[in-house]
Amino acid sequence: MSDVVPPEVRPKPAVPAKPPNVAVPSPPSPVPPQGLGLAAGISPHPPSAIPVPIGSHGPVSTVGHGVGHAVSHASAHNGSHSLGNTHSCSGGSALLGYIGIDTIIEQMRKKTMKTGFDFNIMVVGNSGLGKSTLVNTLFKSQVSRRSPSWAHDGKIPKTVEIKSVSHVIEEGGVKMKLTVVDTPGFGDQINNDNCWEPISKHINEQFEKFLKEEVNITRKKRIPDTRVHCCLYFISPTGHSLRQLDLEFMKNLSHSVNIIPIIAKADTMTIEERHEFKQRVRKELDMSGIEFYPQKEFDEDMEDKSDNDKIREMMPFAVVGSDKEYQVNGKRVLGRETAWGIVEVENPNHCEFAQLRDFLIRSHLQDLKEVTHNIHYETYRAKRLNENGGLHPISSNESQESNL
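Analysis parameters
- Residues numbered from 1 in each chain as written.
- Predicted model: local features only at pLDDT ≥ 70, side-chain atom pairs only at ≥ 80, totals over all residues.
- Heavy atoms only, no water.
- Phe/Tyr/Trp six-rings, centres within 6.5 Å; stacked < 30°, edge-to-face > 60°.
- Helix = DSSP H or I, 4+ residues; strand = E, 2+ residues; numbered from the N terminus.
- Buried < 20%, exposed > 50% of the residue type's maximum accessible area, 1.4 Å probe, protein only.
- Lys NZ or Arg CZ within 6 Å of the ring centre and 35° of its normal.
- Patch = residues over 30% accessible without salt bridge, like charges linked within 9 Å, V, L, I, M, F, W, Y side chains within 5 Å.
- Areas by Shrake-Rupley, 256 points an atom, 1.4 Å probe, with all protein chains shown as cover.
- Salt bridge = Lys/Arg side-chain N within 4 Å of Asp/Glu carboxyl O.
- Pairing = 2+ DSSP bridges.

Scanning all chains against the criterion turns up eight aromatic pairs. With a centroid separation of 5.9 Å and an interplanar angle of 35°, the aromatic rings of Y293 and F359 are classed as tilted. Highlighted residues: Y293 in the loop between α7 (271-287) and α8 (302-314) and F359 in helix α9 (residues 353-363), separated in sequence by 66 residues. Residue class for Y293 comes out buried when judged on its relative accessible area of 1%. Judged by relative accessible area, which is 3%, F359 ranks as buried. Every member of this aromatic cluster is reached through a ring pair, and the members are F207, F210, Y377 and Y380. Stacked on the ring of F210, the Lys or Arg R227 has its end atom at 3.7 Å from the ring centre. We note R227 situated over the ring of Y377; from NZ or CZ to the ring centre the distance is 4.9 Å.

Rendered as structure tokens:
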């Protein structure tokens, strides 16, 4: 007969030691902290290793922001109340040791760095407003360029054309496939009636392409995302009011794409003229019932509302773009040379380019993608399925033909 160890001398189960770079877990609170374990203290990483869409404030703070937006937008669209059930976890017992739940943030960061991501930006506006220059300035590379044939003959297209240029850019080990969609010919004709229809058609075609890939019986592990995540609409710096074309375009496309209005070549106006023009534009958009990104109904909490209200009060961004460098006070800066000095592109006192860049890339890039998927694409998807009674799965051969 084998010896039986008395219960009082039976060895206690060992509790795993807490890693040195993780703080002592705090008791669960009724309201879950934003970012899935932000207080757990993940080991710091160099800023250069932070994925661009996550933001510029560290890999922890805005990954949770992106996850929260994804859950919230999906819940808002589907009418579910999954977020309301999170409080049930607060009734659980306190942890006896470190588990490692907070490492999900680091896992997400590593996976994003390995797979990379897509970001598709569309620029719309009259010729000569510096659309390509501004996009090149935003991403500090030649990611947008005119068609060689158009630049050679100098003729304006008879109708609105859609031209896409894709590049893979890398920063801090993070790869991003950036696609710039240009719309030469927009607003340049004598008769501009319904000139936004080719643009609307292109946006819906990308939704349709994504939808067909989703309903395939054998789907790709990663569906190529060509949907337009953001539309920069360039407003001429007239200083008077918006044109009817501006209002009609934003009214017809604001429910299909995230529109961000900007005032191009803002250095052509004085500070007073710029301030008055921005107020007039906001008033006209409000009177016309046009909502631009970020929309008020997508604010998740008071913190989001406070941050987005500041952005909405600043819109439309008055910007200046330039890919030329000049020497100013011993520093090399991007700017435009005038008879009275250098207009510094990244100087907040000269224009609002820096605010646009931080908003578009460093704080809301991931949210732009999520709103596109969970709101605009879901709206299109629901409409298509209701119209046709559901899409039938297509074969791999048909899928390849549709992609061509």
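A separate point is a nonpolar patch on the surface. There is a patch of nonpolar side chains on the surface, built from L95, I99 and I101 and spanning about 330 Å² of accessible area. Tracing the backbone shows I101 in the loop between α1 (61-78) and α2 (104-115). The exposure class assigned to I101 is exposed, which follows from its relative accessible area of 60%.

Within the open sheet, the six strands sit side by side as β2-β3-β1-β4-β5-β6. Their pairing is mixed. Two strands lie at the open edges of the sheet, namely β2 (163-171) and β6 (317-318), each paired on one side alone. In terms of strand pairing, β2 meets strand β3 (residues 174-182) through nine bridges, oriented antiparallel. Counted as the bridge partner of V168 is K177 from β3.

Structural measurements only, silent on function.
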